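Architecture at a glance
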Amino acid sequence: MNLFLAALGVLGVASSGPLIAATLGATTVTALAIAFWRNAIAAAVMATPTLIREPRLFGRIGRYEFRWSLVAAVALALHFACFITSLQLTSVAAATALVCLQSAWIAIIQLFRGVRHRWQVLVGLGVSFGGVVAITGFDMGTSPDALLGDVLAMAGGLLAGIYTLAGGRARQSMTTGTYTALCYSMCAVLVAVLAAFTHQPLTGFDAGGWLGILAITVCAQLVGHTAFNHLLATMSPLLVSMIILLEIPGAALLAAVFLNETLPAGTYAGLSLILVGLAVVVAGQRNGKGRRDKPAGERPVAELGAD
């Protein structure tokens, strides 16, 4: 059963990039509309069981939990804005690999906060960012838009790291359902504000557009993330983290099959470097000695994908 759920989880999160790219390319759906509806729908789905079984949990949310949930929601809203926009500018494979650098960004943030990591983490960071240089170098020669998409995807990875660290703080005293319902709902409101300022419509799409939004929400948000959250109860966080990294080649393969996306050989080399580097970072973070920041250092690595 765990093997089936792991495969389902990888397929779900890996489908995020190709589904978003296909929806943006074939319909009138906007980037912020995708971000808004996937969060609004997910918030409603996650809130319903808690409202039915233990509605008083929402009344117990204190200032500390609300503050960190708000920080997470702001980071998540900006993450989606950056990542989804990047898929309009660069390849699905490059955008997915660069946004998955969130575990590397988490390690860097921890270094600035005084957390000491083993040498494997530093080596993994170097290898991962070597892959970034390879990808951006090839995209620089392709087009300025592709390079901008790479930068936005990297920014999305940094924001995903901040979202995960803030969520780790909030979830010290909140259930998963309570936290995700609060965070996703606030994120949806923030995205709606961004959409109003940038004049991106959130409604008025054709049937194909709504079908794309629903597919993204179900596959990436509900199926993929829910599968990995369930596995965390029965498998080690390190193993789950390593499985989630399969999102990178998975997204590249799906984009190649369904979107006919072809990349230069150098870009695939960069993807491989990022995948290897992230695997080393995850292993080093889980086994490292820098554990005095445990709530924000361990749980985020176990919950890598935010896409």
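Residues numbered from 1 in each chain as written. Predicted model: local features only at pLDDT ≥ 70, side-chain atom pairs only at ≥ 80, totals over all residues. Heavy atoms only, no water.

On to the overall build of the protein. A count of helices and strands for the protein gives 16 helices and 0 strands. Per-residue burial for the protein yields a buried fraction of 54% across its 307 residues. If you take every contact in the protein between residues at least 6 apart in sequence, the share linking residues at least 24 apart comes to 85%. Entry remark: accessible area of the protein is about 13,100 Å², with carbon and sulfur atoms responsible for 70%. (Helix = DSSP H or I, 4+ residues; strand = E, 2+ residues; numbered from the N terminus. Buried < 20%, exposed > 50% of the residue type's maximum accessible area, 1.4 Å probe, protein only. Contact = heavy atoms within 4.5 Å. Areas by Shrake-Rupley, 256 points an atom, 1.4 Å probe, with all protein chains shown as cover.)

What follows deals with a nonpolar patch on the surface. Among the surface-exposed residues, F66, L70, V74 and L78 lie close enough to one another that they form a single nonpolar patch of about 300 Å² accessible area. Looking at the secondary structure, you find V74 in helix α5 (residues 63–86). (Patch = residues over 30% accessible without salt bridge, like charges linked within 9 Å, V, L, I, M, F, W, Y side chains within 5 Å. Salt bridge = Lys/Arg side-chain N within 4 Å of Asp/Glu carboxyl O.)

What follows is about the UniProt feature "transmembrane region" (unreviewed entry) in the protein. UniProt annotation of "transmembrane region" (unreviewed entry) refers to residues 64–86, 92–112, 119–140, 146–166, 178–197, 209–231, 238–259 and 265–284 when read in the numbering used here. In the segment residues 178–197, helix accounts for 100% and strand for 0%; the C-alpha atoms at its two ends are 29 Å apart. Overall, residues 265–284 shows 100% helix and 0% strand. The separation of its end C-alpha atoms is 29 Å. (UniProt positions renumbered as here; feature names shortened; annotations may be inferred.)

Below, the discussion takes up the packing of aromatic side chains. What describes a pair of aromatic rings is the distance from one ring centre to the other and the angle between the planes of the rings. One pass over the full model with this rule turns up 5 aromatic pairs. Ring plane angle 55 degrees and centroid distance 5.5 Å describe the contact between F205 and W210, whose orientation is recorded as tilted. By relative accessible area, F205 is classed as buried at 10%. A relative accessible area of 32% places W210 in the partly exposed class. (Phe/Tyr/Trp six-rings, centres within 6.5 Å; stacked < 30°, edge-to-face > 60°.)

Attention now goes to the side chain of Q120. On the secondary structure map, Q120 appears in helix α8 (residues 119–142). Residue Q120 is classed as buried on the basis of its relative accessible area, which comes to 18%. When sequence neighbours within four positions are dropped, the list of residues in contact with Q120 reads V280 and G284.

Despite not being glycine, H199 has its phi angle at roughly 60 degrees, a positive value. Following the sequence through the fold, H199 ends up in the loop between α10 (176–198) and α11 (207–231). H199 gets classed as exposed once you look at its relative accessible area, which sits at 70%. Backbone geometry places N260, a non-glycine residue, at a positive phi of 55 degrees. What makes N260 exposed here is its relative accessible area of 63%.

This next bit is on the environment of G9. Tracing the backbone shows G9 in helix α1 (residues 2–14). You can call G9 buried: its relative accessible area is 0%. Separated by 213 residues in the primary sequence, G9 and L222 place their C-alpha atoms 9.6 Å from one another. What G9 contacts, discounting residues up to four positions off in sequence, is G224, A227 and F228.

It is worth spelling out the layout of surface pockets at this point. Computed from the structure, the second largest pocket encloses a volume of approximately 150 Å³. M46, P49, T50, R53, E54, L57, T175 and G177 together form the lining of the second largest pocket. A per-class count over the lining of the second largest pocket returns 3 nonpolar, 3 polar and 2 charged. (1 Å grid on protein atoms, 1.4 Å probe; cavity = no way out; pocket = protein on both sides within 12 Å on 5 of 7 lines; lining within 4 Å. Points joined across faces, edges and corners; volume = space filled by probe spheres on them. Nonpolar A, V, L, I, M, F, W, Y, C, P; charged D, E, K, R; others polar.)

All right, on to the nonpolar core then. Counting 71 residues, the largest nonpolar core has I84, L101 and I274 as the members making the most contacts within it. Counting 10 residues, the second largest nonpolar core, distinct from the first, contains F228, L231, V240 and I244. (Core = buried A, V, L, I, M, F, W, Y, C linked by side-chain atoms within 4.5 Å.)

This part covers the environment of I106. One can find I106 in helix α7 (residues 102–112). Note on I106: relative accessible area 0%, which makes it buried. For the pair I106 and I162, spaced 56 residues apart in the sequence, the C-alpha separation amounts to 7.3 Å.

What follows deals with the packing of helix α6 (residues 92–99) against helix α9 (residues 144–170). How two helices sit against one another is set out by the angle between their axes and by the gap between those axes. Their axes nearest at 7 Å, the elements α6 and α9 cross at an angle of 30 degrees. Considering their axes alone, α6 and α9 lie roughly parallel with respect to each other. Once α6 is placed against α9, the crossing between them reads as right-handed. Two secondary-structure elements touch here, α6 through A94, A95, L98 and V99 and α9 through D150, A153, M154, G156 and G157. Across the contact of α6 with α9, the residue classes break down as 6 nonpolar, 2 polar and 1 charged. (Axes fitted to C-alpha atoms, helices over the stretch in contact; angles between N-to-C directions. Parallel < 35°, antiparallel > 145°, perpendicular 65-115°, else oblique. Left-handed = near helix turned anticlockwise from the far one by under 90°.)

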